[in-house]
Amino acid sequence: MLVPVLILGALLAGSVPFGLLVARAKGIDLRAHGSGNIGATNAGRVLGARWFGVVFALDFLKGFLPTLGAGLLLGTLGTLAIPPAASLAWLSVGVAAVLGHVFSPWLGFKGGKGVATGAGVLLAAFPGLTVPALGGAVAFFVVLRVARYMSVASMAAAASIPLFVGVWFHAVHERWVTARWLGAPAPGEPPVEVVHMLAFLGVAAALAGLVIWAHRSNIARLRAGTEPRWPRPRPDGPRADRRP
């Protein structure tokens with residue numbers, strides 16, 4: 001019963017709409033301003049830059065903490081020598097947190113884009129997804145600096161994660177990194193990279209697809225030429241968090 005409880009807990013944690021709650025505390029309905037999204041990017045545009053950081057951190061933690069806790073309880077944290085069934089159980093907890101964020105039951109099964117929560121999941125799934133997540137972070141900042149579209153950078157980072165997962169597991173298989181993360185297969189068992197990579201690669205691809213799907217409105221605005229660049233130019237009037 002442990003795994004279903006962990007998955008349900010992650011789903012409920014992910015469903016908490018922190019962006020909406022933070023904005024509501026300031027007397028603003030985030031869904032009626034900017035892009036209407038409840039995530040950190042829209043919170044930053046509507047409330048100010050520092051609130052981007054606050055909402056991003058909260059959304060990050062609701063993916064990070066359930067995944068980290070599940071790894072500790074299931075004994076999967078800190079190793080790649082995990083049976084495929086245990087890998088899927090652990091990673092299902094992280095996926096549940098992202099699904100809760102994107103399809104929050106408190107908001108009519110609507111929500112954010114899943115970027116911050118997904119980043120929390122990736123960094124907590126140590127080391128199988130943590131190292132690929134660092135590669136995704138590099139891709140994010142490079143694309144953001146060049147294109148100055150937060151949505152494009154987020155989608156590029158998500159799409160790069162499965163590639164980095166493949167590279168990372170190949171590196172482990174070739175023993176380019178510390179061998180204690182490597183479980184020595186019994187005679188006749190498939191190679192380590194085949195046994196352990198499939199669950200991580202599948203979940204990484206699923207999360208990437210979910211994040212890109214959640215950005216479908218951004219893709220439409222990009223095609224129409226109406227997607228705002230980052231940082232967005234300041235409006236003529238004062239921002240909501242600016243004091244006279």
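Please refer to the structure higher up on the page.
Residues numbered from 1 in each chain as written. Predicted model: local features only at pLDDT ≥ 70, side-chain atom pairs only at ≥ 80, totals over all residues. Heavy atoms only, no water.

A. Spatial organisation of a nonpolar patch on the surface. On the surface, Leu8, Leu11, Leu12, Leu99 and Trp106 cluster together into a nonpolar patch covering about 480 Å² of accessible area. Examining the composition of the nonpolar patch, we find that three residues originate from one element, helix α1 (residues 2–14), more than from any other. Along the polypeptide, Leu11 turns up in helix α1. A relative accessible area of 34% places Leu11 in the partly exposed class. (Patch = residues over 30% accessible without salt bridge, like charges linked within 9 Å, V, L, I, M, F, W, Y side chains within 5 Å. Areas by Shrake-Rupley, 256 points an atom, 1.4 Å probe, with all protein chains shown as cover. Salt bridge = Lys/Arg side-chain N within 4 Å of Asp/Glu carboxyl O. Helix = DSSP H or I, 4+ residues; strand = E, 2+ residues; numbered from the N terminus. Buried < 20%, exposed > 50% of the residue type's maximum accessible area, 1.4 Å probe, protein only.)

B. Local environment of the packing of aromatic side chains. Counted under the stated rule, the structure contains five aromatic pairs. Measuring from ring centre to ring centre gives 5.1 Å for Phe140 and Phe141, while their planes differ by 85 degrees; the resulting arrangement is edge-to-face. Taking the relative accessible area as the measure of exposure, Phe140 reaches 16% and is therefore buried. When the ring centre of Trp213 is taken as reference, the NZ or CZ atom of Arg216 above it lies at 3.8 Å. (Phe/Tyr/Trp six-rings, centres within 6.5 Å; stacked < 30°, edge-to-face > 60°. Lys NZ or Arg CZ within 6 Å of the ring centre and 35° of its normal.)

C. Local environment of the packing of helix α3 (residues 40–47) against helix α4 (residues 49–74). For the pair α3 and α4, the least separation of the axes is 7 Å and the interaxial angle reads 155 degrees. Overall, the two elements α3 and α4 adopt an arrangement that is roughly antiparallel. The handedness of the crossing between α3 and α4 is right-handed. Residue-level inspection shows Ala40, Thr41, Ala43, Gly44 and Leu47 of α3 in contact with α4, the latter providing Ala49, Trp51, Phe52, Val55, Phe56 and Asp59. Split into classes, the residues belonging to the contact of α3 with α4 amount to eight nonpolar, two polar and one charged. (Axes fitted to C-alpha atoms, helices over the stretch in contact; angles between N-to-C directions. Parallel < 35°, antiparallel > 145°, perpendicular 65-115°, else oblique. Left-handed = near helix turned anticlockwise from the far one by under 90°. Contact = heavy atoms within 4.5 Å. Nonpolar A, V, L, I, M, F, W, Y, C, P; charged D, E, K, R; others polar.)

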